[in-house]
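# Examining the three-dimensional arrangement
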Amino acid sequence: MSTLAVIGYDNEFKAEEVRLTLRKLQKDYLIDLEDAVVAVKDAKGKVKLHQAINLTAAGAVGAVGGGFWGSLIGLIFLNPLLGAAVGAAAGAASGALADVGINDKFMKDLAATMSPGSSALFVLVRKATPDKVLAELQGSGGKVLKTSLSHDDEAKLQAALSAAKV
């Protein structure tokens, strides 16, 4: 089961900076991110989500895979072009319609409550090495807005974010 953490920041850039830190930790196998999205509320109050996963690219991959399977089925039924077209369309549609990770409506609703000129980091974590991850996040600032952590673990996260950088 994955763990959700939402951390709010007072400026538009800090959430992206922390997401980059988490990506570095993921490359070092200290955290396994299922999703990491940055929501920014600009000075005009408009909310923009910066997804970690490009759903358009996922649709293109689905189209290629669908085209392959459609061609194969089309060969069996002696109409490979029709099979390829139908398979590619189905693959692209399934990739484009898939909402993986954190629910967009949830993120937009929560981000709408933020003050203009701020950002939030929405993170869905499969597993982590908590002591090493918290050490890297120490002093990065931010306020825990919502989590699925226990009260004790949430307090440890907030303490690490608020602590002075060592």
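First, a word on what this report is: a plain description of the structure on this page. Sequence order sets the numbering: in each chain, residues are counted from 1 along the sequence as written. Local features are withheld for residues below a pLDDT of 70 in this predicted model, meaning they are given only at 70 or higher, and side-chain atom pairs are given and counted only at 80 or more; totals for whole chains, interfaces and linings count all residues. Neither water nor hydrogens contribute to the side-chain values; these are computed over all heavy atoms in the structure.

### Brief notes about the pattern of salt bridges
- Within this document, salt bridges are pairs made up of a side-chain nitrogen of Lys or Arg and a carboxyl oxygen of Asp or Glu, the two lying within 4 Å of each other. Taken as a whole and judged by the stated rule, the model has six salt bridges.
- The closest approach of N and O atoms between E17 and K14, which form a salt bridge, is 2.9 Å. A residue pair is termed a helical-turn pair when its members lie 3 or 4 positions apart in one helix, as E17 and K14 do in helix α1 (residues 14-27) at three residues.
- Exposure classes here rest on a 1.4 Å probe applied to the protein chains alone. A residue is buried below 20% of its type maximum, exposed above 50%, and partly exposed in between. Overall, E17 belongs to the partly exposed group, its relative accessible area being 45%.
- Classification of K14 by relative accessible area gives buried; the value is 18%.
- R19 is the partner of E16 in a salt bridge, and the nearest nitrogen-oxygen pair spans 2.7 Å. Of the two residues, E16 and R19 are both situated in helix α1; the distance of three residues between them amounts to about one turn of the helix. Secondary structure elements follow DSSP: runs of H or I of four or more residues count as helices, runs of E of two or more count as strands, with numbering from the N terminus.

### Considering the packing of α1 against helix α5 (residues 130-137)
- Viewed as axis vectors pointing N to C, α1 and α5 meet at an angle of 145°, and their least axial separation amounts to 11 Å. Helix-helix and strand crossings are classified by hand; for α1 and α5 the assignment is right-handed. Counting all contacts with α1, which are made through V18, T21, L22, K24 and L25, the residues of α5 involved are V133, E136 and L137.
- Residues are grouped as follows: nonpolar covers Ala, Val, Leu, Ile, Met, Phe, Trp, Tyr, Cys and Pro; charged covers Asp, Glu, Lys and Arg; every other residue, Gly included, is treated as polar. Here the residues of the contact of α1 with α5 sort into five nonpolar, one polar and two charged. Here, axes are lines fitted to C-alpha atoms. For helices the fit covers the stretch in contact, and angles between N-to-C directions go from 0 to 180 degrees. Definitions for this section: a left-handed crossing has its near helix turned counterclockwise from the far helix by less than a right angle. A right-handed crossing has that turn clockwise. Any two residues whose heavy atoms approach within 4.5 Å at even a single point are treated as in contact.

### Re helix α6 (residues 151-162)
- Taking 1.5 Å per residue, 12 residues should reach 16 Å; α6 reaches 16 Å between its end C-alpha atoms and fits that length.
- For α6, every residue scored as buried is listed here: L157, A160 and L161. Buried residues of α6, viewed axially, fall in a sector of 100°; they line one side. Exposed positions of α6 whose direction lies more than 90 degrees from the buried face are H151, D152 and S162.
- Check the buried side of α6 and you find it contacts β1 (3-9), α5 and β5 (143-147). In a helix, the anticipated span is given by 1.5 Å times the number of residues less one. An arc is given here, and it is the one of the directions from the helix axis to the C-beta atoms.

### Focus: unusual backbone geometry
- We note that Y29 has phi near 60°; this positive angle belongs to a residue other than glycine.
- For Y29, the location among the structural elements is in the loop between α1 and β2 (31-41).
- You can call Y29 exposed: its relative accessible area is 75%.

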